[in-house]
Amino acid sequence: MDLPSLAVVLQAALSPNPSERKAAEQSLNQFQYTPQHLVRLLQIIVDNNCDLSVRQVASIHFKNFIAKNWSPHEPDEQQKILEEDKNLVRHHILEFVAKVPPLLRVQLGECLKTIIHADYPEQWPHLLDWVKVNLSQDDPQVYAALFVLRILSRKYEFKSDEERVPVHRIVDEIFPSLLNIFNKLVQIANPPVDVADYIKLICKIFWSSIYLEIPKQLFDPNAFNAWMVLFLNILERPVPLEGQPVDPEVRKTWGWWKVKKWTVHILNRLYTRFGDLKLHNPENRAFAQMFLRTYAGQILECHLNLLNVIRVGGFLPDRVTNLILQYLSNSISKNSMYNLLQPRLDVILFEIVFPLMCFNDSDQKLWDEDPHEYVRKGYDIIEDLYSPRTASMDFVSELVRKRGRENLQRFIQFIVEIFRRYDEAPVEFKPYRQKDGALLAIGALCDKLKQTEPYKSELERMLVQHVFPEFNSPVGHLRAKAAWVAGQYAHINFSDQNNFRTALHSVVSGMRDPELPVRVDSVFALRSFVEACRELDEIRRILPQLLDEFFKLMNEIENEDLVFTLETIVDKFGEEMAPYALGLCQNLAAAFWRCMNTAEADDEADDPGALAAVGCLRAISTILETVSRLPHLFPEVEPTLLPIMRRMLTTDGQEVFEEVLEIVSYMTFFSPSISLDMWSLWPLMMEALADWAIDFFPNILVPLDNYISRGTAHFLACKEPDYQQSLWNMISTIMADKNMEDSDIEPAPKLIQVVFQNCRGQVDQWVEPYLRIAVERLRRSEKSYLKCLLMQVIADALYYNAALTLSILQSFGVATEIFGLWLQMLQQVKKSGVRANFRREHDKKVCCLGLTSLLALPADQLSGDALERVFKATLDLLVAYKEQVAEAAKEEEAEDDDDMDGFQTDDDDEDGDGSDREMGVDAEDGDEADSIRFQRLAAQLVLQAKSFRPTDDDDEDSGDDYSDDEELQSPLDDVDPFIFFTDAVNLPCAKSHANIKSVEVPEPYANTRLPLSCSCRRHF
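Reading the values: rules and limits
Residues numbered from 1 in each chain as written. Predicted model: local features only at pLDDT ≥ 70, side-chain atom pairs only at ≥ 80, totals over all residues. Heavy atoms only, no water. Helix = DSSP H or I, 4+ residues; strand = E, 2+ residues; numbered from the N terminus. Buried < 20%, exposed > 50% of the residue type's maximum accessible area, 1.4 Å probe, protein only. Contact = heavy atoms within 4.5 Å. Areas by Shrake-Rupley, 256 points an atom, 1.4 Å probe, with all protein chains shown as cover. Axes fitted to C-alpha atoms, helices over the stretch in contact; angles between N-to-C directions. Parallel < 35°, antiparallel > 145°, perpendicular 65-115°, else oblique. Left-handed = near helix turned anticlockwise from the far one by under 90°. Nonpolar A, V, L, I, M, F, W, Y, C, P; charged D, E, K, R; others polar. Patch = residues over 30% accessible without salt bridge, like charges linked within 9 Å, V, L, I, M, F, W, Y side chains within 5 Å. Salt bridge = Lys/Arg side-chain N within 4 Å of Asp/Glu carboxyl O. pLDDT = per-residue confidence, 0-100. 1 Å grid on protein atoms, 1.4 Å probe; cavity = no way out; pocket = protein on both sides within 12 Å on 5 of 7 lines; lining within 4 Å. Points joined across faces, edges and corners; volume = space filled by probe spheres on them. Core = buried A, V, L, I, M, F, W, Y, C linked by side-chain atoms within 4.5 Å. Expected span 1.5 Å × (residues − 1). Lys, Arg positive; Asp, Glu negative; His and termini not counted. Polar contact = N/O pair within 3.5 Å; in protein donor to acceptor, adjacent residues only side chain to side chain. Phe/Tyr/Trp six-rings, centres within 6.5 Å; stacked < 30°, edge-to-face > 60°. Lys NZ or Arg CZ within 6 Å of the ring centre and 35° of its normal.

J.: Hey, could you run me through the overall build of the protein chain in this one?
T.: In terms of regular secondary structure, the protein chain is built from 53 helices and zero strands. Sorting the 1020 residues of the protein chain into buried and exposed places 53% on the buried side. Within the protein chain, contacts between residues at least 6 apart in sequence are counted, and of these 75% link residues at least 24 apart. In the form shown here, the protein chain has an accessible surface area of approximately 45300 Å², with 49% of it arising from carbon and sulfur atoms.

Structure below.
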């Protein structure tokens, strides 16, 4: 497509006519891979004679195409852009980046980011030379060089060690020129705002270069001082008054305030990361000493002067205020810095910090005009990065924590004085906003006050006198703050339980307040009261009304804290929630769809809808777990949950995939039977696993296990779709993939075991293919845990049909090899003496059943020598299994005696004694193992145990055993390995084995030659 034709198509892409737009988009897609297309797009972008809207469309198409196609995403993927086109783009984009309008420069900047990240330095070695040359040119070229250098330096902002090597060249070759330009810009008298744009870029380049570590060149005191002089100059210099926007929201983004923010940001980073005397590196420690001695005090002085602007009513952007207060907070623990702060501490604390904690005009405006946004900002952790109020609370908390002896009492006296003035003032003159700030301070200091006398003993009286009355305040923000503070102190020991009840009922009443922020803060506080409540009757009586208020609020606002509180109530009341389960699930499902619709409608926004959506699904899981012993409820909630599961098991649900799989797991495990509608989810999971969801394989394992084990008949009988073939396609693809790590494929052999155990005698046609891929993968497996799993596939196959399995292994020519490896693995022990493999009860049982099945074969199918080795290994395993089961039972009894309700800690020795308690995992998965032990009585673990994956990072030295899937249900649960063993060796075919009629029973099993059945009964 030539240039004029391309311009016409781009113009058509702006047409208000949908069909014209669609045709234009199709045309662009059709020609996007043709040679020169990318170059022609760039020509239109930089053509000043072309309409700006057309240029913008071209820039967006250009950016998206480069982001998607500049470099292949897969190793074997073909290049989609010709190298000569790439060279032209790299050359011309540098030439024009400073000449296009800012609207287009943003798009070209994104393109440069993609290209630099892919090509520098290998395919674009002369980029830094271009930057160096242009830094010495006139203004437009200098700006272009700074713009490109900012993108280049940002590539290495979070890189460390050898990945930061290119930064050294940037600092070596570019920083001297950069410093020279910076110096000239600072010296300009009455500089225009354009100068601020140049300085801001220099600050950002410096920030990226020092973010993780100081470049070695800057350890030179003279070089570093040259930069610091300029930064301190910017910090001290007042922001020009001329040209400042009137609107505070616009003013904080003005160029000179941006420069001030980046300067404070850089100095804070140097102070907090590199100004610590505890740094271990001697060079860094010397730098820290120099920084604290030479610069930290000067920076503090400048920061205090800036804060004084707030004190006298001037303007300071919230982010700058926040950063300065962070600097002050970090200075409290350093003696030299605290000594500088101390003389001015009263002014800082009572005239600057405390007023920032008080409700203000901006708060009131937002409360009145957009209460939803007021709530969002109040619960958004990202807002805390910019909030002066949050930074003020942190400063007060740090001050009383690190320097409490001299400051806590003074600050509390100040707060008490505010309470007193508030109580004494007539209604029309009450300092409502100061009372709000005082309550915020009391809530922020709750941890300190709950631990410190005499305040600890006075907390209940303080709540009754100064907090509870505000539940009825005529001012909305005080009612909200009273609820929040009450929630902070809900867990204290109330000497008068009537006070607890008063607070609880006030918080519940707050859920019906006419003001939205009061209702939300009340719900947030309610969670603490539910957790602390000793007499659930207090809540039980009002539970229906409480849930109604919840759902009204959830219809009004998307907030994950609402869902957290609902989860707490459901968890606290357990099966008592059964009558409400359907209604809860319906309301949560409706809330989930609203949250998802909001998130989809505004992809770019930092919207809380996505978090709230996850919260809704978690709450649904909590409800399903709570009613798990009431299976009749599951068919009732299925129609409500099925649309969520169907939609979110596709690519639309990637952000909530794990939560949805948990719901599928509950529905397939606890329902009386698996419905055909639920079976319709199987293909969706298989498709996701094949396409993008391999990281979720352990999670997908759980519902797949449920389908096979609880819907065995349908799994075997259905041919449209063919679930058996579908499973084979998935497992064989994953296990044959040489690019997949051992740890990534562990669920695959587990699923093969599920098939063999649940479909005994019904899947003969699958034994050969499953054994083939198991043997092939076993030969190249490195991790011992995967080897154990694959060997258990063979054991399960033997238990399924020993004769068939043995004949298949012999046809492969691997029978001797496999049994030799298996017996070798059974004998391997760690340095501590415990077994290296098959450490769980379940592992030992599976191996016992597999080996015992061999003993029942006719004499002509197993040699005498092999039979004797199998017999001894089986007997050894049976004893180990018996001891492990007995030890586990003993520990269960001990736990009950300790009144621990099934919970226990895991402070065992490194290697342990082989007991079930120690069947944990290697260090990486230790937290998950602890979680399983701590929650063993929860129905949820029926699901979690199946997807448990140890890392097995260090097979030789790790002392952790694999977690035992105690609650995992399997057909093997009903098989007693001792009876199975005895029955097997008493079969006529087994009795015909001359080698075991009167076999030598090794220690510690017997000291004499006895018939096998007698020996077995004597010891078991």
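Next, the rest of the story.
J.: Even after reading the chapter, I still don't get the packing of helix H13 (residues 255-274) against helix H14 (residues 282-311), so can you show me in this structure?
T.: Any two packed helices are characterised by how steeply their axes cross, that is the angle between the axes, and by the distance between the axes. With their axes 9 Å apart at the nearest point, H13 and H14 run at an angle of 140 degrees to one another. Relative to H14, H13 is oriented oblique. The element H13 and its partner H14 pack so that their crossing is left-handed. Contacts between H13 and H14 involve Lys-260, Val-264, Leu-267, Asn-268, Leu-270, Tyr-271 and Phe-274 from the former and Asn-284, Phe-287, Ala-288, Phe-291, Leu-292, Ala-296, Ile-299, His-303 and Leu-306 from the latter. Its residues placed into classes, the contact of H13 with H14 shows 12 nonpolar, three polar and one charged.

J.: Honestly, a nonpolar patch on the surface in this entry has me stumped. Any pointers?
T.: Taken together, the side chains of Ile-381, Ile-382, Leu-385 and Tyr-386 present a nonpolar region at the surface, about 400 Å² in accessible area. Note on placement: Leu-385 falls in the loop between helix H20 (381-384) and helix H21 (388-402). Owing to a relative accessible area of 44%, Leu-385 belongs among the partly exposed residues under this scheme.

J.: When you look at the confidence of the model for the protein chain in this model, what are you seeing that I'm missing?
T.: In regions of low pLDDT, the predicted coordinates are not meant to be interpreted in detail. When pLDDT is averaged across the protein chain, the result is 86; 88% of the residues are at 70 or more. The lowest-confidence element of the protein chain is helix H49 (residues 940-944), averaging 34 in pLDDT; the highest-confidence one is helix H26 (residues 476-488), averaging 97. Per-residue pLDDT stays below 50 along residues 899-967; that stretch engages in 164 contacts with residues further than four places along the chain or on separate chains. Under a pLDDT of 50 for its full length, residues 998-1020 has, in the predicted model, 41 contacts with residues more than four places off or in other chains.

J.: Hey, could you run me through unusual backbone geometry in this one?
T.: Glycine aside, negative phi is the norm for most residues, and most peptide bonds take the trans geometry. The omega angle of the peptide bond from Glu-453 to Pro-454 is 10 degrees, so this bond is cis rather than trans. Mapped onto the elements, Pro-454 comes out in the loop between helix H24 (446-449) and helix H25 (455-467). Along the chain, Glu-720 connects to Pro-721 via a cis peptide bond; the corresponding omega equals 5 degrees. Along the chain, the position of Pro-721 falls in the loop between helix H39 (712-717) and helix H40 (723-736).

J.: Any chance you could explain the layout of surface pockets here in plain terms?
T.: Over the atoms a probe the size of a water molecule is rolled, and this reveals where empty space is left. In this model, the second largest pocket occupies a volume close to 550 Å³. What lines the second largest pocket is a set of 17 residues, and nearest its centre among them are Phe-147, Arg-150, Ile-151, Leu-201 and Lys-204. Of all the secondary-structure elements, those providing two or more residues to the lining of the second largest pocket are helix H6 (102-119), helix H8 (139-154) and helix H10 (193-210). Of the residues forming the lining of the second largest pocket, the biggest block, seven residues, is contributed by H6. Tallied by class, residues from the lining of the second largest pocket come to six nonpolar, two polar and nine charged.

J.: Please clarify how the nonpolar core should be interpreted in this entry.
T.: In summary, soluble globular proteins display a tendency toward joint burial of nonpolar side chains. By size, the foremost hydrophobic cluster in this structure holds 337 residues, and its most contacted members are Phe-62 and Leu-727. Here the element with the most residues in this core is H14; it accounts for 12 residues. Sequence-distant contacts of Leu-727, defined by excluding residues within four places in its chain, comprise Trp-682, Met-686, Ile-708, Phe-715, Leu-751, Val-755 and Tyr-770. Phe-359, Trp-367, Ala-480 and Val-518 belong to the second-largest nonpolar core, a separate cluster that totals five residues.

J.: What am I meant to see in the pattern of salt bridges here?
T.: A side chain of one charge can pair with a side chain of the opposite charge when the charged atoms of the two come close. With the rule as written, the count across this model stands at 43 salt bridges. For the salt bridge of Arg-777 with Asp-742, the shortest nitrogen-to-oxygen distance reads 3.2 Å. With a gap of 35 residues between them, Arg-777 in helix H42 (residues 764-779) and Asp-742 in the loop between H40 and helix H41 (747-758) connect regions that are remote in the sequence. An identical accessibility class is assigned to Arg-777 and Asp-742; each is buried. In this structure, the salt-bridge partner of Arg-772 is Glu-768, at a minimum N-O distance of 2.6 Å. Residue Arg-772 and its partner Glu-768 are both found in helix H42; the two are separated by four residues, about one turn of the helix. Residue class for Glu-768 comes out partly exposed when judged on its relative accessible area of 29%. It is possible to trace a salt-bridge network through shared partners that takes in Asp-129, Lys-132, Arg-169 and Glu-173.

J.: Please explain helix H9 (residues 165-186) as it appears in this structure.
T.: A rise of 1.5 Å per residue sets the reference length of H9, with its 22 residues, at 32 Å; its end C-alpha atoms lie 30 Å apart and thus fit the reference within 8%. On its buried side, H9 packs onto helix H7 (127-135), H8, H10 and helix H11 (221-236).

J.: Whenever I open this one, the side chain of Lys-86 confuses me. Can you help?
T.: Counting through the fold element by element, Lys-86 comes out in helix H5 (residues 83-96). Comment: no salt bridge for buried Lys-86; closest opposite-charge side chain is Glu-83, at 4.7 Å. Polar side-chain contacts of Lys-86 include one of 2.7 Å to the backbone oxygen of Trp-70. Within the local environment of Lys-86, its side chain forms a polar contact with the side chain of Gln-79, the two groups lying 3.1 Å apart. Not counting chain neighbours up to four residues away, the residues in contact with Lys-86 comprise Trp-70, Gln-79 and Ile-81.

J.: Can you help me understand the packing of aromatic side chains in this one?
T.: For any two aromatic rings, the description comes down to two numbers: the centre-to-centre distance and the angle of the planes. Summed over all chains, the structure comprises 56 aromatic pairs. Relative to Phe-65, the ring of Tyr-33 lies with its centre 5.5 Å away and its plane at 55 degrees, an arrangement referred to as tilted. One end of the pair, Tyr-33, is in the loop between helix H2 (18-31) and helix H3 (37-45); the other, Phe-65, is in helix H4 (residues 52-69), and 32 residues separate them in sequence. Here Trp-679 and Tyr-707 contribute two aromatic rings whose centre-to-centre distance is 4.7 Å and whose plane-to-plane angle is 45 degrees, an arrangement assigned as tilted. Pair noted here: Trp-679 is in helix H36 (residues 676-679) and Tyr-707 is in helix H38 (residues 697-710), with a separation of 28 residues, a long-range link. Assessed through its relative accessible area of 0%, Tyr-707 is described here as buried. An aromatic cluster is defined as three or more aromatic residues linked by ring pairs; in this entry it consists of Phe-219, Phe-224, Tyr-271, Phe-287, Phe-291, Tyr-295 and Tyr-327. Above the ring of Phe-315, the side-chain terminus of Arg-251 is found at 4.5 Å from the ring centroid. Over the face of the ring belonging to Tyr-271 we find Lys-334, whose NZ or CZ atom lies 5.0 Å from the ring centre.

J.: Where do I start with the side chain of Asp-513 in this structure?
T.: Positionally, Asp-513 belongs in the loop between helix H27 (497-510) and helix H28 (516-532). Among the residues examined, Asp-513 registers a relative accessible area of 10% and is labelled buried. A distance of 2.8 Å separates a polar side-chain atom of Asp-513 from the backbone nitrogen of Glu-515. Those residues in contact with Asp-513 that lie beyond four places of it in its chain are Arg-479, Val-518 and Arg-519.

J.: How do you make sense of the environment of His-73 when you look at a structure like this?
T.: Within the fold, His-73 resides in the loop between H4 and H5. Other than its neighbours up to four places away in sequence, His-73 contacts Ala-67 and Lys-68.

J.: Explain the packing of H42 against helix H44 (residues 802-812) here, please?
T.: Where H42 contacts H44, the axes come no closer than 10 Å and their chain directions differ by 45 degrees. Classified by the angle their axes make, H42 and H44 are oblique. Crossing handedness for the pair H42 and H44: right-handed. Between H42 and H44, the contacting residues are Asp-764, Val-767, Glu-768, Leu-771, Arg-772 and Val-775 on the first element and Leu-804, Thr-805, Ile-808, Leu-809 and Phe-812 on the second.

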